[in-house]
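# Tertiary structure, described
Here is what each chain is made of, one letter per residue.
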Amino acid sequence: MELLDKLTILTDAAKYDVACTSSGGGDRAPAGAGMGSTADCGICHSWSADGRCISLLKVLMTNRCVFDCRYCVNRRSNDTPRAAFEPEELAELTMRFYRRNYIEGLFLSSGVDGSPDYATEQMIRALELLRGRCQFTGYIHAKAIPGTDPLLIARLGLLADRLSVNIELPSQQSLALLAPGKTKKNILGPMAGIRDGITESRESVIKYKKAPRFAPAGQSTQMIVGATPETDFQILRLTEGLYQKFGLKRVFFSAYIPVAEDSLLPALDTKPPLLREHRLYQADWLLRFYHFSADELLDEEHPQFNPFLDPKCNWALNHPELFPLEVNEARYELLLRVPGVGPRSAVRIVRARRQGSLDWGDLKRIGVVLKRAQYFLLCRGRRPAGLSGGWKSAARALIDGSPLAQTEQLSLFGGTVRPEQIGAAAVECL
Amino acid sequence: MGEHSGEAVYLRENVTYLYDGSFEGMLCCIFEAFARRERPSAISTGEARQISLFEERWVESLPIRANRVFNGLTQKIGPGAARLVRILYLSEQPEKELIALDFVRRAFQVGRGVTAMRGDPAVASASSSVERALAEAHQYKGLLRFSDVGGVLVAEIEPKNRVLPLLAAHFCGRYRNEAFLIYDRVHKEALIWQDRTLRFEAVDNLTLPPVTGEEQETRRLWRQFYKTIAIKARENPRCRQTNMPKRYWNLLTEMQPEETEMPGLPAVR
């Protein structure tokens, strides 16, 4: 088979994997032989027609698979062309792309061809060629396949910057229903193993600098949203638990895109729940960078996100007792909770106010989004000039105006809500 | 911070400076303005010169003076402030010289804390120009494309800011054992890395030989990957364009149509 055809099949089979980030590996540019470096913030090299960032060459080693997970394009029962890379072939292709600055590195996953151990061994062979013969020192993200011998995962982790185990679906029941080959236990087992490998390696790197590094860019996971009945609250709680118990760097969500006609799954003409995915990412950001906890954002009575407001605005509007905050006095953690203030502007505020008290002009120049923040802040005890209206007008002003939100919000209400009525609907959702 | 602190100093404004366009020259203009208690109405290079009603004065580039300004900034204010002025010089910001002057003046009024005063008008306008230049450099770390031309890697870019010096450490570290050239079409400069040595050169024009079969095939594979990785059901051209503005497209391999013959690099817009 031609390389071009293989690449097409094995890219097509890998495209539903979400993670394409190349971050967290530290800023490393080894001095010696070889090629490649990592940038801690990650680098995007392109954006595909769906607007997603392309950072890594994301392919499968093979799309042959013994599993028959119902939501997956590569399931055994699916009639689709199959291919496999030779380890040499993949290593060489990666280098050709990397040398031209097309990519930041490789994201390698695999179907389970034969057994998890065999599939992992093939991946290891390709990565050993890359790290060895090609002396590649760029970014590698490798997928750990549930059911693989821990010793093989240990080898994989020494070759990769990041490892991930897909949790696939947000609950044990859904897993049992749709992925009969996988269980919570054989997914969380390797996750815990990788966590321990990372901790151990970090400790030994402190003791002696040249100790081998095990997945220095940490571990991530992903789950499919919208194929099964879990609520946003359940998903967010699970996410929070994964960060706390397994020290994950990232949890990725993937809006389910129907790939199979199946009575257990949404119909083939179902649109992927992109707004829901978007809200989950916003909330995920709040967990990781804004010191929020899952049960501050949602609870048993409000288990789904407000379609009209982002989770932070929604939270703020539900806590009128905390606002307005005096910008020259409020703690960093509280500033972070103000809509329109992000970690960057919160840090800038805290640094700048040590040099003198801040007014509204200063805030604007600092980069605070006043359109949102003005309802929640005071500068030297004063509201911004010309601000009128109460809490309800704040809610109207904070409505998520992104085209994604608008179209999906309208369709949620069966097309009966006119754009100008969204304001009233948003207030009712609070 | 909203109002300016410090004693009011009368600064003469009815003068304009001309300089040679170099970083040293810009620092000398700052020196001149301090020495003569002036805040010129414009500081421009020979090319960008505008008709002025005021006295025009040529400011000579003298390394001693430039060093005094730069070292003074580094020692009295901090390396962060010196770096800010250096990058401001590389930015495309109109009137960057005056912005630099206002920033340096503010810096010597306030002292070490100045870079933290992100809300101060003088600091904010210097910082935001610098942030834009750094953001463009970061974009190019991803969006720059090399072609293999007889074993040497060649890339062309069309940046608004003079990003080459901001890209050097990244690319020289990454491709440490390669020979490569990055050509800035707008500012007509090239970054050259050869035998583990870095140099910058003014280059008027770059013509390249046709690409080889291996280069051609790699581009084809990359375009195919690019096309295949997109998910149809999620198509979102607006989101793509926000992240990857159109001005980058004509130098991106994946945004070019399939090559029928064997041209060199993608043509100039």
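Predicted model, so just to flag it, every value in this text is computed and none were measured.

### A short note on the interface of chain A and chain B
The interface of chain A with chain B comprises 49 residues on the first partner and 43 residues on the second. Elements supplying a minimum of two residues to the side of chain A that touches chain B: helix H1 (3-12), strand E1 (46-47), strand E2 (53-54), strand E3 (56-60), helix H2 (87-99), helix H12 (343-353) and helix H13 (360-366) of chain A. Each residue belonging to the side of chain A that touches chain B can be placed in one class, and the counts come to 22 nonpolar, 14 polar and 13 charged.

### Some remarks on the pairing of strand E6 (residues 180-184) of chain B
Within a regular strand, the side chains alternate between the two sheet faces. Residues and elements named next belong to chain B. Burial of E6 is extensive: five of the five residues sit out of reach of the surface. Bridge analysis of strand E5 (residues 152-157) against E6 gives five bridges, and the strand direction is parallel. The partner of Ile157 across the bridge, within E6, is Asp184. Since E5 and E6 lie parallel, the crossover through helix H6 (residues 164-174) that links them has a hand, and here it is right-handed.

### Things to note about the domain arrangement of chain B
Residue and element names in this part refer to chain B. Splitting chain B by domain gives domain 1 (15-135) and domain 2 (144-255). Here domain 1 and domain 2 have C-alpha centroids that lie 32 Å from each other. Each partner contributes to the interface: domain 1 provides five residues, whereas domain 2 provides six residues. Looking at the side of domain 1 that touches domain 2 residue by residue, the classes come out as three nonpolar, one polar and one charged.

### Regarding the sheet that holds strand E1 (residues 15-19) of chain B
Residues and elements named next belong to chain B. In spatial order, the strands read E2-E1-E3; together these three strands make up an open sheet with parallel pairing. One side of each edge strand has no neighbouring strand; the edge strands of this open sheet are strand E2 (42-45) and strand E3 (55-58). Pairwise comparison of adjacent strand axes, ignoring direction, gives a mean angle of 25 degrees for this sheet. Sheet topology note: the E1/E3 ladder contains four bridges and is parallel. Following the sheet pairing, Thr16 is matched in E3 by Glu56. The sheet contacts of helix H1 (residues 23-35) involve E1 and E2, and relative to E1 the element is tilted by about 150 degrees.

### Focus: the domain arrangement of chain A
Residue and element names in this part refer to chain A. If you check the domain split of chain A, you get domain 1 (3-291) and domain 2 (311-429). Using only C-alpha atoms to locate each centre, domain 1 and domain 2 end up separated by 36 Å. At the interface, ten residues of domain 1 touch nine residues of domain 2. Partitioning the side of domain 1 that touches domain 2 into residue classes produces six nonpolar, three polar and one charged.

### Let's talk about the environment of Met35 of chain A
Topologically, Met35 of chain A is positioned in the loop between H1 and E1. Exposure remark for Met35 of chain A: the 18 C-beta atoms within 10 Å place this residue in the partly exposed category. In this structure, Met35 of chain A is in contact with Tyr98, Arg99, Gln135, Phe136 and Thr137 of chain A together with Arg174, Tyr175 and Asn177 of chain B, ignoring residues within four places of it in sequence.

### Some points on the packing of helix H5 (residues 121-143) of chain B against H6 of chain B
Residue and element names in this part refer to chain B. Interaxial distance between H5 and H6 falls to 9 Å at its minimum, and their mutual angle equals 40 degrees. One way to sum up the angle between H5 and H6 is to call them oblique. In the packing of H5 onto H6, the handedness of the crossing is right-handed. Listed contacts from H6 to Ala133, Leu134, Ala137, Tyr140 and Lys141 of H5 are Leu166, Leu167 and His170. Each residue belonging to the contact of H5 with H6 can be placed in one class, and the counts come to six nonpolar, one polar and one charged.

### Considering the packing of helix H7 (residues 232-246) of chain A against helix H8 (residues 274-289) of chain A
Residue and element names in this part refer to chain A. Packing of H7 against H8 brings their axes to within 11 Å, and their N-to-C directions diverge by 35 degrees. Viewed along their axes, H7 and H8 form a crossing whose handedness is right-handed. Taking contact as the criterion, the partners of Asp232, Ile235, Leu236, Thr239, Glu240 and Tyr243 in H7 are, on H8, Arg279, Leu280, Ala283, Asp284 and Leu287. Each residue belonging to the contact of H7 with H8 can be placed in one class, and the counts come to six nonpolar, one polar and four charged.

### Focus: the nonpolar core
If you look at the biggest cluster of nonpolar residues, it comprises 185 residues, and the most contacted ones within it are Leu127 of chain A together with Ile30, Ala100 and Ile182 of chain B. A per-element tally of this core places H5 of chain B first, with nine residues. Discounting chain neighbours no more than four positions away, the residues touching Leu127 of chain A are Leu108, Ile140, Ala142, Leu159 and Ala160 of chain A.

### Description of unusual backbone geometry
Residue and element names in this part refer to chain A. Between Phe323 and the following residue, Pro324, the backbone shows a cis peptide bond with an omega angle of -5 degrees. Counting through the fold element by element, Pro324 comes out in the loop between helix H10 (311-317) and strand E9 (325-326). Phi is positive for Glu168, close to 70 degrees, though the residue is something other than glycine. With 23 C-beta atoms counted inside 10 Å, the residue Glu168 sits in the buried group. Residue Ala215 is not a glycine yet carries a positive backbone phi of 40 degrees. Note on placement: Ala215 falls in the loop between helix H6 (184-207) and strand E7 (219-225).

### A look at the pairing of strand E8 (residues 197-202) of chain B
Residue and element names in this part refer to chain B. Of all six residues that make up E8, zero are buried, and the element is exposed over most of its length. Pairing of strand E7 (residues 189-194) with E8, which is carried by six bridges, proceeds in the antiparallel orientation. Across the sheet, residue Ile192 finds its bridge partner in E8, namely Arg199. The hairpin turn running from E7 into E8, its antiparallel successor, is two residues long, and Asp195 in that turn takes a positive phi close to 50 degrees.

### Let's talk about helix H3 (residues 79-90) of chain B
Look at H3 of chain B: 17 Å from first C-alpha to last across twelve residues, which is about the 16 Å you get at 1.5 Å a residue. Its buried side turned inward, H3 of chain B meets H1, helix H2 (63-77), helix H4 (96-110), H5 and H6 of chain B.

### As for the confidence of the model for chain B
Parts of the prediction with low pLDDT should not have their coordinates interpreted in detail. All names here are of chain B. Looking at chain B, the pLDDT average stands at 91 and 91% of residues meet or exceed 70. pLDDT under 50 marks residues 1-6. Its contacts with residues more than four places away, or in other chains, come to 13 contacts. Low confidence marks residues 261-269, where pLDDT is under 50. Its contacts with residues over four positions away, or in another chain, come to 16 contacts. Across the assembled chains, the prediction reports ipTM 0.92 with pTM 0.91.

### Some words on the sheet that holds strand E4 (residues 147-149) of chain B
Residues and elements named next belong to chain B. Sheet architecture is open: five strands sit in the order E4-E5-E6-E7-E8, paired in mixed fashion. A single partner strand is all that each edge strand has here, and the edge strands are E4 and E8. Mean inter-strand twist for the sheet, computed between neighbouring axes without regard to direction, equals 25 degrees.

### Things to note about H2 of chain A
For H2 of chain A, with 13 residues, the first-to-last C-alpha span of 18 Å sits near the 18 Å given by 1.5 Å per residue. Residues of H2 of chain A that are buried: Leu90, Ala91, Leu93, Thr94, Met95, Phe97 and Tyr98 of chain A. Where H2 of chain A is buried, its residues contact E3, strand E4 (105-109) and helix H3 (116-131) of chain A together with helix H7 (213-229) of chain B. Asn101 of chain A occupies a position one or two residues after H2 of chain A and carries a positive phi of about 65 degrees.

Cut-off values and rules
- Residues numbered from 1 in each chain as written.
- Chains lettered and ligands numbered in written order.
- Predicted model: local features only at pLDDT ≥ 70, side-chain atom pairs only at ≥ 80, totals over all residues.
- Contact = placed C-beta atoms within 7 Å.
- Helix = DSSP H or I, 4+ residues; strand = E, 2+ residues; numbered from the N terminus.
- Nonpolar A, V, L, I, M, F, W, Y, C, P; charged D, E, K, R; others polar.
- Buried ≥ 20, exposed ≤ 12 C-beta atoms within 10 Å, placed from the backbone.
- Pairing = 2+ DSSP bridges.
- Right-handed = clockwise from strand over helix to strand, strands pointing away.
- Domains from an automatic or database assignment.
- Axes fitted to C-alpha atoms, helices over the stretch in contact; angles between N-to-C directions.
- Parallel < 35°, antiparallel > 145°, perpendicular 65-115°, else oblique.
- Left-handed = near helix turned anticlockwise from the far one by under 90°.
- Core = buried A, V, L, I, M, F, W, Y, C linked by C-beta atoms within 7 Å.
- Expected span 1.5 Å × (residues − 1).
- pLDDT = per-residue confidence, 0-100.

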